[in-house]
Amino acid sequence: MKIAICTEFFPASADAVTGGVEQRMWQLATRLPFDALVICSHQPGQPRRQTIGQLRVVRVGPSYAYTNQGAVLARFAFAWCAFWLLLRTDADVLEGSSFIGYLPAALAGRLRRIPRMATYHECWIGRWIQLKGKLTGAFGEIWERTALAIGFDAVVAVSQAAADQVRGRLGGTPIDVIPNGVAYRELQTYVRQPPTKPTILFIGRLVPGKRLDVLIRATARLGECRLVVAGDGPERAAWERLAQTNDIHAQFLGHVASTDALRRWIAAATAFCLPSEIEGFGMSAVEAMAQGVPTVLADIPALREVAGSAALLCEPGNVEAFASALRQILTDAEFAERLSQAGRARARDYYWDDLAGRYAERLRILSIR
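Residues numbered from 1 in each chain as written. Predicted model: local features only at pLDDT ≥ 70, side-chain atom pairs only at ≥ 80, totals over all residues. Heavy atoms only, no water.

Trainee: Looking at this structure, I do not really get the side chain of Ser 284. What am I missing?
Mentor: Within the secondary structure, Ser 284 is located in helix α11 (residues 283-290). A relative accessible area of 18% means that Ser 284 is categorised as buried. Excluding residues that lie within four positions of it along the chain, Ser 284 makes contacts with Ile 203, Phe 272 and Leu 274. (Helix = DSSP H or I, 4+ residues; strand = E, 2+ residues; numbered from the N terminus. Buried < 20%, exposed > 50% of the residue type's maximum accessible area, 1.4 Å probe, protein only. Contact = heavy atoms within 4.5 Å.)

Right, here's the structure in full:
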């Protein structure tokens, strides 16, 4: 059996992951028990071709840096190159694993009558321009609608919330929920070392939907503590100014390229907070819980589903609610320890090895249709 996966970004190593979509793809693709081909874009410094066990990686199209929005022409060129490569592959199943990968996989699969699958993290139809701006948003809206109109034979969603978002647009297409995961055993090797000064950690792209502004304002109400921000994006300058205006000790790390370095930042945090109003899963939250860091999240469907009762949930956008939840963790050591243990227990449900087995089985079933 052979599978061809089309996804926009794919790391060159486990220590060069750029985000949740890329982390999932790396963890699942490198664990597949059969031949797989990943077709992705080329980022500066990456090899054009790479072999990792039974996995082959081919990076096509123009070289462009990892970006959250923009690069529309470069992205279109990548998709066009990927489409032509998918037309020539001898794969038994084609999969689109990111927004830009959906259309090439859907169209090539339909033309060649090969089973096609999509992995859905979020459905953004009707919200593209709001989330990504006019240029990227208009392009994305048309792109996603077209891919869904062509259709898929199966869909995997990373959460029930993501499945609910896309279900009404797929007719009777079967949807399986296979969540993201964490390297749980590996994460246990990072011993927590809480700092002398209470530290709140945020991990994520600095885009409007992540609502770091809410966390900055909440941190300003907590007195002596430090906010560490791991991630980069178009809102960074504005949020750095907001932190200065609110007179808080904020450290903006930018994109942390090393997985090991990021996990060390998690281990050194007193609390983790993700106030995001838009999430398909929330992998950074699960990684923080797996390392025993007390966690505060926005009360939105995906984060509520992932965390269960193992994290504190706050009304999205409510600064005082986030400040109160964080204050409880910072001032009540016994409560913080209970939350830490609950987080570790919850994160045990998300083993990559188990999830990779479910993913491979879904592909096997699809290949024999």
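Trainee: What am I meant to see in the sheet that holds strand β9 (residues 199-203) here?
Mentor: What holds strands together in a sheet is hydrogen bonding between their backbones, with the strands either parallel or antiparallel. As summarised here, the arrangement of the six strands in space is β11-β10-β9-β12-β13-β14, forming an open sheet in which the pairing is parallel. On the outer flanks of this sheet lie β11 (249-254) and β14 (312-314), each paired with one strand and no other. On average, adjacent strands in this sheet sit at an angle of 20° to one another, irrespective of strand direction. Pairing between strand β10 (residues 226-230) and β11: five bridges, direction parallel. Within the sheet, the bridge partner assigned to Ala 230 lies in β11 and is Gly 254. Here helix α13 (residues 319-331) sits on the sheet in contact with β9, β12 (271-274), β13 (295-298) and β14, set at roughly 170° to β13. (Pairing = 2+ DSSP bridges. Axes fitted to C-alpha atoms, helices over the stretch in contact; angles between N-to-C directions.)

Trainee: I'm lost on a nonpolar patch on the surface in this one. Help?
Mentor: The grouping of Phe 76, Trp 80 and Trp 84 at the surface amounts to a nonpolar patch, some 350 Å² of accessible area in total. Tracing the sequence through the fold places Trp 80 in helix α2 (residues 72-88). Overall, Trp 80 belongs to the partly exposed group, its relative accessible area being 47%. (Patch = residues over 30% accessible without salt bridge, like charges linked within 9 Å, V, L, I, M, F, W, Y side chains within 5 Å. Areas by Shrake-Rupley, 256 points an atom, 1.4 Å probe, with all protein chains shown as cover. Salt bridge = Lys/Arg side-chain N within 4 Å of Asp/Glu carboxyl O.)

Trainee: Would you mind going over the pattern of salt bridges with me for this structure?
Mentor: Note on pairing: side chains with opposite charge can pair once their charged atoms come close. Considering all chains together, one arrives at 22 salt bridges under this definition. For Glu 224, the salt bridge goes to Lys 197, with nearest N and O atoms at 3.4 Å. Of this pair, Glu 224 sits in the loop between α8 (212-219) and β10 while Lys 197 is found in the loop between α7 (184-187) and β9, placing the two residues 27 residues apart along the sequence. Accessibility expressed as a relative area gives 65% for Glu 224, which makes it exposed. By relative accessible area, Lys 197 is classed as partly exposed at 28%. Within this structure, Arg 211, Asp 213, Arg 217 and Glu 277 form a network of salt bridges that share partners.

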